[in-house]
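Summary of structural features
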Amino acid sequence: MTDPIADYLTRLRNAIKARHRVVEVPASNLKKEITKILFEKGYILNFKFMDEGVQGTIKIALKYDAVNKVNAIKRLDRVSSPGLRRYVGYRNMPRVLNGLGIAILSTSKGVMTNKEASEQKIGGEVLCYVY
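Residues numbered from 1 in each chain as written. Predicted model: local features only at pLDDT ≥ 70, side-chain atom pairs only at ≥ 80, totals over all residues. Heavy atoms only, no water.

**Comments concerning the sheet that holds strand S3 (residues 57-62)**
Ordered in space as S1-S3-S2, the three strands form an open sheet in which the pairing is antiparallel. At either end of the open sheet lies a strand with only one pairing partner, and these are strand S1 (22-26) and strand S2 (44-50). Strand-to-strand, the axes of this sheet are offset by a mean angle of 20°, without reference to chain direction. Where S2 and S3 come together, six bridges link them in antiparallel fashion. Opposite isoleucine 44, over in S3, you have leucine 62 as the bridge partner. Helix H1 (residues 4-17) contacts S1 and S3 of the sheet and is inclined by roughly 165° relative to S1. Lying over the sheet, helix H2 (residues 29-40) contacts S1, S2 and S3, oriented at roughly 155° with respect to S2. (Pairing = 2+ DSSP bridges. Helix = DSSP H or I, 4+ residues; strand = E, 2+ residues; numbered from the N terminus. Axes fitted to C-alpha atoms, helices over the stretch in contact; angles between N-to-C directions. Contact = heavy atoms within 4.5 Å.)

**Here's the deal with the packing of aromatic side chains**
A complete count under the given rule lists two aromatic pairs for this structure. The interplanar angle of 75° and the centroid separation of 5.3 Å between the aromatic rings of phenylalanine 39 and phenylalanine 47 together place this pair among those described as edge-to-face. Judged by relative accessible area, which is 22%, phenylalanine 47 ranks as partly exposed. With a centroid separation of 5.2 Å and 45° between ring planes, the pair formed by phenylalanine 47 and phenylalanine 49 is classed as tilted. Grouping aromatic residues by their ring pairs yields a cluster made of Phe39, Phe47 and Phe49. When the ring centre of phenylalanine 49 is taken as reference, the NZ or CZ atom of lysine 32 above it lies at 5.2 Å. (Phe/Tyr/Trp six-rings, centres within 6.5 Å; stacked < 30°, edge-to-face > 60°. Buried < 20%, exposed > 50% of the residue type's maximum accessible area, 1.4 Å probe, protein only. Lys NZ or Arg CZ within 6 Å of the ring centre and 35° of its normal.)

**Structural notes on the domain arrangement of the protein chain**
The parts lose accessible area when they come together, and the size of an interface is often stated as this lost area. For the protein chain, the domain assignment lists domain 1 (2-60) and domain 2 (74-128). Contact with domain 1, which involves 14 residues of that partner, is made by 15 residues of domain 2. Between domain 1 and domain 2 lies a buried interface of about 1200 Å² when both sides are counted; carbon and sulfur atoms form 75% of it. Summed over the shared surface of domain 1 and domain 2, the result is one salt bridge. Ionic pairing is found between arginine 78 and aspartate 3, a salt bridge with its closest N-O pair at 2.9 Å. Inspection of the region where domain 1 meets domain 2 yields two residue pairs in polar contact (both at pLDDT 80 or more). Among the elements of the structure, H1 and H2 are those that each provide at least two residues to the side of domain 1 that touches domain 2. Classifying every residue of the side of domain 1 that touches domain 2 gives nine nonpolar, one polar and four charged. (Domains from an automatic or database assignment. Buried area = accessible area lost by both parts, 1.4 Å probe. Salt bridge = Lys/Arg side-chain N within 4 Å of Asp/Glu carboxyl O. Polar contact = N/O pair within 3.5 Å; in protein donor to acceptor, adjacent residues only side chain to side chain. Nonpolar A, V, L, I, M, F, W, Y, C, P; charged D, E, K, R; others polar.)

Right under this line is the structure:
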């Protein structure tokens, strides 16, 4: 597998389209940090790290609206890829959906959102957009 983050996002996208409640993805430290950010920002209901086997898995409970059954995640877009890395400085930080969505960045201080990175005045690699 050349791009595990794209695989992670695709598994989430497919589970949302199939209206699954829970999705399992292979674990890595970067995927764990992205999952924590999605939980903190309210895009997923819950998550659990399972340390079974060599790699382990992440169980993610997807969040749906109770009335009209719409998922909290409207769109997941992979920005940077192994063939073309996208880096931004803190001065030209991307705004996702005019501030309503988030961009997840991998910085020298760890994985964080675009708002946190601009507050700390650090740039990094733009991993994905979520809204």
